[in-house]
Amino acid sequence: MVFRTLVLKLAAFKPFEKLTKSKLFRPLVKRFVAGEDLDTALKVGEDYVKQGYLVSMDLLGENVATKQEADAETSAYIEMANRIIASPQRDAMNISVKLTALGMDLSDEIAVENYKKILDVCKPHDIFVRADMEASQYCGRTVKIIEQLFANYTNCGTVLQAYLHRTPGDIQTMIGLKARVRIVKGAYLEPDTVAYQIKSKVDEMYVAGAKTLLLDGNYPAIATHDEKIIALIKEFIKQEAIPRERYEFQMIFGVRRDLQEMLLKEGYNVRIYIPYGAAWYPYFSRRLAERPANMLFIAKSLFKK
Ligand SMILES: Cc1cc2nc3c(=O)[nH]c(=O)nc-3n(C[C@H](O)[C@H](O)[C@H](O)COP(=O)(O)OP(=O)(O)OC[C@H]3O[C@@H](n4cnc5c(N)ncnc54)[C@H](O)[C@@H]3O)c2cc1C
């Protein structure tokens, strides 16, 4: 956790951002980002589907500051949705979106209006559009938005982060609604007033939350690359005889391809989260912070030549 904190703090420095945007880091960026445009990313997504995976397409971008930017993001999502609808692989595809890309920093109303526009396009085609969970100041607001929209849009759902103290309550709220939840550990820098800081505690909360969702939730997504947790969850699923069509595993494009393949071969539903777009830096820095080896790659590259 200390490493993660340091990297996320470092990522806020402009010279570091400039460095990672240099040519030197293209290979590392390419590992985590499926491309800068929709055509490239859709092709990546369709190729995954042909191998038997499910996918969730994510246009990178967050915290837009103007209504024009929020509208442009919404239009880009609608274009993505229409391309998915036209794709022969559409049954295996869904969408992930960040509400701050749709204008949540301007107002919740703007974000809701834009989210609804995307949901409206997707609803007749049964395409699910999940609101990713961002930093903790957005969590309660995101949960409220899902509560507000779910009656009319059963194709909306969200993500809950095991590190937040409030998450067990939010899990119950989502179970009550019957809304779909992706459970993750949590990727942002959060103070100890709102989030657990010790990895073993976050892992414990993750397993507890995932089990609750598997028993009582609506098609939960178990999103982690943690081998130990995956093994525990598989054991629990077996014990409780939970059928495979009642949940899915999710992993991020470029992370633990070996595990993705293993789960797929074992017959589980595995969805790959596929991010694309030019605004990749904040997403990329969160991925760097998750694993010391990623930073080591950067350090090594700097000392080469
Ligand atoms: C599909 C998906 C969607 C997500 N959506 C959100 C969201 O909406 N909001 C949010 O806050 N977080 C989100 N996350 C990120 C999540 O919160 C964690 O930060 C991230 O998944 C790392 O935690 P972990 O569960 O993999 O476990 P960790 O304990 O962090 O990692 C376990 C192992 O996985 C491997 N690993 C993990 N991350 C990386 C990496 N970046 N590079 C290389 N290897 C790695 C390493 O081998 C590591 O030892 C998402 C994660 C997934 C898989």
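Residues numbered from 1 in each chain as written. Predicted model: local features only at pLDDT ≥ 70, side-chain atom pairs only at ≥ 80, totals over all residues. Heavy atoms only, no water.

Caption draft 1: Broad picture of the sheet that holds strand E6 (residues 221-223). Here eight strands make up a closed barrel; going around it, the order is E1-E2-E3-E4-E5-E6-E7-E8 and the pairing parallel. Each strand axis lies, on average, 30 degrees off the axis of its neighbour in the sheet, ignoring direction. Sheet strands in contact with helix H11 (residues 257-265) are strand E7 (248-252) and strand E8 (270-276), and its direction is about 160 degrees off that of E7. (Pairing = 2+ DSSP bridges. Helix = DSSP H or I, 4+ residues; strand = E, 2+ residues; numbered from the N terminus. Axes fitted to C-alpha atoms, helices over the stretch in contact; angles between N-to-C directions. Contact = heavy atoms within 4.5 Å.)

Caption draft 2: Main features of the site of the ligand. Neighbouring the ligand are 27 residues; Lys185, Gly186, Thr224, His225 and Glu290 lie closest to it. With respect to the ligand, the side chain of His225 contributes an N or O atom lying 2.7 Å from an oxygen atom. In the model, an oxygen atom of the ligand is placed 2.6 Å from a nitrogen or oxygen of the Glu290 side chain. Elements with a contribution of two residues or more to the shell around the ligand: helix H3 (26-32), strand E4 (156-161), strand E5 (180-184) and E7. It is E7 that provides the largest number of residues to the shell around the ligand, a total of three residues. Split into classes, the residues belonging to the shell around the ligand amount to 11 nonpolar, six polar and 10 charged. (Near = heavy atom within 4 Å. Polar contact = N/O pair within 3.5 Å; in protein donor to acceptor, adjacent residues only side chain to side chain. Nonpolar A, V, L, I, M, F, W, Y, C, P; charged D, E, K, R; others polar.)

Caption draft 3: Expanded view of the packing of helix H6 (residues 108-122) against helix H7 (residues 139-149). Direction vectors running N to C along H6 and H7 enclose 50 degrees, while the axes themselves pass 11 Å from each other. One element, H6, and the other, H7, form an angle in the oblique class. Crossing of H6 against H7: the hand is right-handed. Contact with H6, carried on its side by Asp108, Val112, Tyr115, Lys116 and Leu119, involves Arg141, Ile145, Ile146, Gln148 and Leu149 of H7 and no other residues of that element. Tallied by class, residues from the contact of H6 with H7 come to six nonpolar, one polar and three charged. (Parallel < 35°, antiparallel > 145°, perpendicular 65-115°, else oblique. Left-handed = near helix turned anticlockwise from the far one by under 90°.)

Caption draft 4: Up close: the packing of helix H8 (residues 167-177) against helix H9 (residues 199-216). Two numbers describe how H8 lies on H9: the axes approach to 11 Å, and their chain directions differ by 10 degrees. Taken together, the axes of H8 and H9 lie roughly parallel to each other. Helix-helix and strand crossings are classified by hand; for H8 and H9 the assignment is right-handed. Contact residues: Pro168, Ile171, Gln172 and Ile175 in H8; Met205, Gly209, Thr212, Leu213 and Asp216 in H9.

Caption draft 5: Structural view of the packing of aromatic side chains. A full pass over the atoms with the stated rule returns nine aromatic pairs. With 6.1 Å between their ring centres and 85 degrees between their planes, Tyr247 and Phe249 make a pair best called edge-to-face. Pair check on accessibility: Tyr247 and Phe249 agree, each one buried. With a centroid separation of 5.3 Å and 90 degrees between ring planes, the pair formed by Phe249 and Tyr268 is classed as edge-to-face. In this pair, Phe249 sits in strand E7 while Tyr268 sits in the loop between H11 and E8, placing the two residues 19 residues apart along the sequence. (Phe/Tyr/Trp six-rings, centres within 6.5 Å; stacked < 30°, edge-to-face > 60°. Buried < 20%, exposed > 50% of the residue type's maximum accessible area, 1.4 Å probe, protein only.)

Caption draft 6: Region of interest: the pairing of strand E2 (residues 93-97). Within E2, five of the five residues are buried, which leaves it mostly tucked inside the rest of the structure. The alternating pattern of E2 places Met93, Ile95 and Val97 on one face and Asn94 and Ser96 on the opposite face, and all of these are buried. As defined by bridge partners, strand E1 (residues 54-59) adjoins E2 across four bridges and the pair is classed as parallel. Following the sheet pairing, Met57 is matched in E2 by Ile95. The β-α-β motif built from E1, the intervening helix H5 (residues 67-86) and the parallel element E2 has right-handed crossover chirality. Of the crossover connections in this fold, the one passing from E2 over H6 to the parallel strand E3 (residues 129-131) is right-handed. (Right-handed = clockwise from strand over helix to strand, strands pointing away.)

The quantities given are spatial measurements derived from coordinates; they are silent on function.
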